[in-house]
Amino acid sequence: MDLFYAPNTISVVVAIALEEAGIAYTPRLVDFASAEQTKAAYLTLNPKGRVPALVTDQGTLTETGAILDYIGTMCPAMIPADRFQAAKMREVMYYVAATIHVAHAHRMRGSRWADAQSSLDDMRAKVPQTVGACCAYLESTYAFAPYVLGSDFTLADPYLFVVASWGEGDGVDMSAYPKLTAFMATIRARPSVQAVIAKGMLS
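Reference entry: report on the structure contained in this document. Keep in mind the model is a prediction, meaning the values are calculated, not measured.

Examining helix α5 (residues 117-141)
For α5, built from 25 residues, the straight-helix expectation of 36 Å at 1.5 Å per residue is met to within 8% by its first-to-last C-alpha distance of 36 Å. Of the residues making up α5, those classed as buried are Leu120, Met123, Val127, Val131, Gly132, Cys134, Cys135, Leu138 and Glu139. Next to the buried residues of α5 lie α4 (83-108), α6 (156-164) and α7 (178-188).

What follows is the structure, given as C-alpha cells:
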C-alpha cells in the first residue's frame, strides 16, 4: 500500500496505525510547500486535495477515520471486542475529527470558513481558548491509564496523540493537563511512533 502524507499532519495517524498493525506500506510525501496537494496529479488521486490518501489493491481510501477503520479490520486488536467500548473508542475519534481538528484548523485554515481579514484574525485569536477547552474536556473525562480508554491501546490513541501534539503550536499551555501530557509521552515512546519519527514523518 502507498500512504500519501505530509509531515506532522493528520495523515501521520495512519502511518502510526499501519506500523502498529505490522502492515507494509510505502510513504509518499505530498509537498505542501509547493502546494502539490492542489495539482492535477494528486487531485486525480484525491480530489479533496488533502491528506491522507491510502492506495490499496482495491482502490484509494481517504478520510482518516475511514482509513483507521479499514486498518482495524486487518488488526482487530486495536478495536475493543466489547461493542460499547468500541463505540467509546469511536466517540473519541469523532470528537478529535469533528471538534479538536476543526478548532485547530481555525488558526491556519480560516479561509475555509471566511474571507474578511478581520474574521480570520478573530478565528485565529480564539484558537488557544477553543483547543484549550477541548484539552480540559479530555483531561476531565477520559482515563488515560495509560491509554485514552484505560489499559488497552486502540485506534483512538494515535488519532488523539497527533492532534494533541499540535496544542503548544495552538497556544495552549499543555502542562495544565498532566494526564493528557503523560498520555502523549506514553504514545510517543511506542515503537510505532518512533518508526514514523525515524522516517521523517513526525517531529
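Having seen the model, we can carry on.
As for empty space enclosed by the protein
Across all of its chains, the model carries one cavity of 30 Å³ or more by this definition. By volume, the largest cavity is sized at about 30 Å³. Around the largest cavity, the lining residues are Ile100, Val131, Cys135, Val163, Ala164, Gly167, Asp170 and Met174. Those elements that provide at least two residues to the lining of the largest cavity are α5 and α6. Residues that form the lining of the largest cavity fall into these classes: six nonpolar, one polar and one charged.

Analysis parameters
Residues numbered from 1 in each chain as written. Predicted model: local features only at pLDDT ≥ 70, side-chain atom pairs only at ≥ 80, totals over all residues. Heavy atoms only, no water. Helix = DSSP H or I, 4+ residues; strand = E, 2+ residues; numbered from the N terminus. Expected span 1.5 Å × (residues − 1). Buried < 20%, exposed > 50% of the residue type's maximum accessible area, 1.4 Å probe, protein only. Contact = heavy atoms within 4.5 Å. 1 Å grid on protein atoms, 1.4 Å probe; cavity = no way out; pocket = protein on both sides within 12 Å on 5 of 7 lines; lining within 4 Å. Points joined across faces, edges and corners; volume = space filled by probe spheres on them. Nonpolar A, V, L, I, M, F, W, Y, C, P; charged D, E, K, R; others polar.

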